[in-house]
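Summary of structural features
Here is how the chains run, residue by residue.
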Amino acid sequence: MRKLSIAIDGPAGAGKSSVSKILAARLGYAYLDTGAMYRAVTYEVLSKGIFDEIEIVLMINKIDKDAMLVFVDGEDVTPFLRTADVSAHVSWVSAMAGVRRAMVKIQRKQAEKGGIVLDGRDIGTTVLPNADVKIFLTASAHTRAIRRCMELAAAGQDVTPEGIEEDIEKRDYQDSHRAVSPLRQADDAVLLDNGDLTLEETADAIISICREKFPGFDA
Ligand code: DC
């Protein structure tokens, strides 16, 4: 059967990128981490001090995202995408209407041939309203904070679960209350709470959802 487009939305720390990577590898699909794109722009905004929306949009056209790395204007910015500074400012940058328009255009272009897993906040609602399969992946803020804390600690950052939980709740609020493309579950998305599931089990659950919707789907 033809290759599907799979949209995975949900709040910070739900495991979207890890699950999407596993899923894409198992299906032999491409993977687009749209959060990494917003983070790359935020990194450039902060490091180059570009605060004018038109200039930010011009910079977006210099983003080059391969499977796992992000380059802006030839510079590999991947190591800087998850710093506390970028995390604290990314909701502000991603709330700009012009920024979102430019990003959505690139994301649709990448997805036009299908055979792709995209993760983000607005994939099922705005980027690909006709995606074949839409998942809204979530878990409690506490569970998400513990996961993120373990990830950051493994990367050598000095963090506490309390601080991270507060940051996650703040970002959930900002992402779901912004005027343009707020984070919300698409009407036709399947809600998947993976609080008690491992990443592999979450990927299994998504493959089962694909099979239910497309009986010819083979993974
Ligand atoms: O998934 P993440 O935590 O890396 O995303 C970083 C931020 O980017 C998140 O706070 C909201 C924003 N984002 C967005 O607005 N739309 C997307 N499709 C993906 C991410």
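I will try to describe carefully the structure that is included in this document. (Residues numbered from 1 in each chain as written. Predicted model: local features only at pLDDT ≥ 70, side-chain atom pairs only at ≥ 80, totals over all residues. Heavy atoms only, no water.)

Below, the discussion takes up the sheet that holds strand β3 (residues 63-65). Ordered by their spatial adjacency, three strands build an open sheet running β3-β4-β5, and the pairing between neighbours is antiparallel. Only two strands of the sheet have a single neighbouring strand rather than two, namely β3 and β5 (75-76). Relative to β5, strand β4 (residues 70-72) runs antiparallel, the two sharing two bridges. In the sheet register, V72 faces β5, and the bridge partner there is E75. (Pairing = 2+ DSSP bridges. Helix = DSSP H or I, 4+ residues; strand = E, 2+ residues; numbered from the N terminus.)

On a regular strand, one side chain projects to one face of the sheet and the next to the other, so that they alternate. Burial within strand β6 (residues 116-120) is extensive, with five of its five residues counted as buried. Taking every second residue as pointing to the same face, both faces of β6 are buried, with I116, L118 and G120 on one and V117 and D119 on the other. Pairing of strand β1 (residues 5-9) with β6 involves five bridges; the strand directions are parallel. Residue pairing in the sheet places I6 in a bridge with V117 of β6. (Buried < 20%, exposed > 50% of the residue type's maximum accessible area, 1.4 Å probe, protein only.)

Right, let's get into the site of the ligand. Neighbouring residues of the ligand: 15 residues in total, closest R39, R100, D122, R171 and R178. Contact between the ligand and D175: an oxygen atom at 2.9 Å from a side-chain N or O atom of the residue. About the coverage of the ligand: the protein hides 99% of its 450 Å² of free accessible area. The cavity that encloses the ligand is the largest pocket. Listed by contribution, the elements that provide at least two residues to the shell around the ligand are α2 (34-48), α4 (84-94) and α8 (161-177). Considering each element in turn, the shell around the ligand owes the most residues, four residues, to α2. For the shell around the ligand, the per-class residue count stands at two nonpolar, five polar and eight charged. (Near = heavy atom within 4 Å. Polar contact = N/O pair within 3.5 Å; in protein donor to acceptor, adjacent residues only side chain to side chain. Areas by Shrake-Rupley, 256 points an atom, 1.4 Å probe, with all protein chains shown as cover. 1 Å grid on protein atoms, 1.4 Å probe; cavity = no way out; pocket = protein on both sides within 12 Å on 5 of 7 lines; lining within 4 Å. Sits in = over half its atoms within 2 Å of the grid points. Nonpolar A, V, L, I, M, F, W, Y, C, P; charged D, E, K, R; others polar.)

Grouped together as the largest cluster of nonpolar side chains are 33 residues, with contacts concentrated most on V41, I56, V99 and M103. Elements supplying a minimum of two residues to this core: α2, α3 (53-60), β4, α4, α5 (97-111), β6 and α6 (123-127). Per-element tally for this core: the top contributor is α2, with seven residues. Those residues within four positions of M103 in sequence are excluded, and the remaining contacts are M37, Y38, V41, I60 and I63. By size, the runner-up hydrophobic cluster in this structure holds 24 residues, among which are L23, Y29, Y31 and I207. (Core = buried A, V, L, I, M, F, W, Y, C linked by side-chain atoms within 4.5 Å. Contact = heavy atoms within 4.5 Å.)

Attention shifts here to the sheet that holds strand β2 (residues 30-33). Taken in spatial order, the five strands make up an open sheet running β2-β6-β1-β7-β8, and their pairing is parallel. Bordering the open sheet on either side are β2 and β8 (190-193), each of which pairs with just one other strand. When the angles between neighbouring strand axes are averaged without regard to direction, this sheet yields 20 degrees. In this structure, β2 lies alongside β6, joined through four bridges in parallel fashion. Looking at the pairing, D33 lines up with D119 of β6. (Axes fitted to C-alpha atoms, helices over the stretch in contact; angles between N-to-C directions.)

What follows deals with the side chain of S181. With respect to the helices and strands, the residue S181 is situated in the loop between α8 and β8. Here T126 takes part through its side chain, which lies 3.2 Å from a polar atom of the side chain of S181. S181 has contacts with R100, D122 and T126, leaving out every residue within four places of it along the chain.

This part takes up unusual backbone geometry. The phi angle at D73 is positive, at roughly 55 degrees, despite the residue not being glycine. Along the chain, D73 turns up in the loop between β4 and β5. Residue classification places D73 among the exposed residues on the basis of a relative accessible area of 52%. In this model, S181 sits at a positive phi of 45 degrees, which is unusual for a non-glycine residue.

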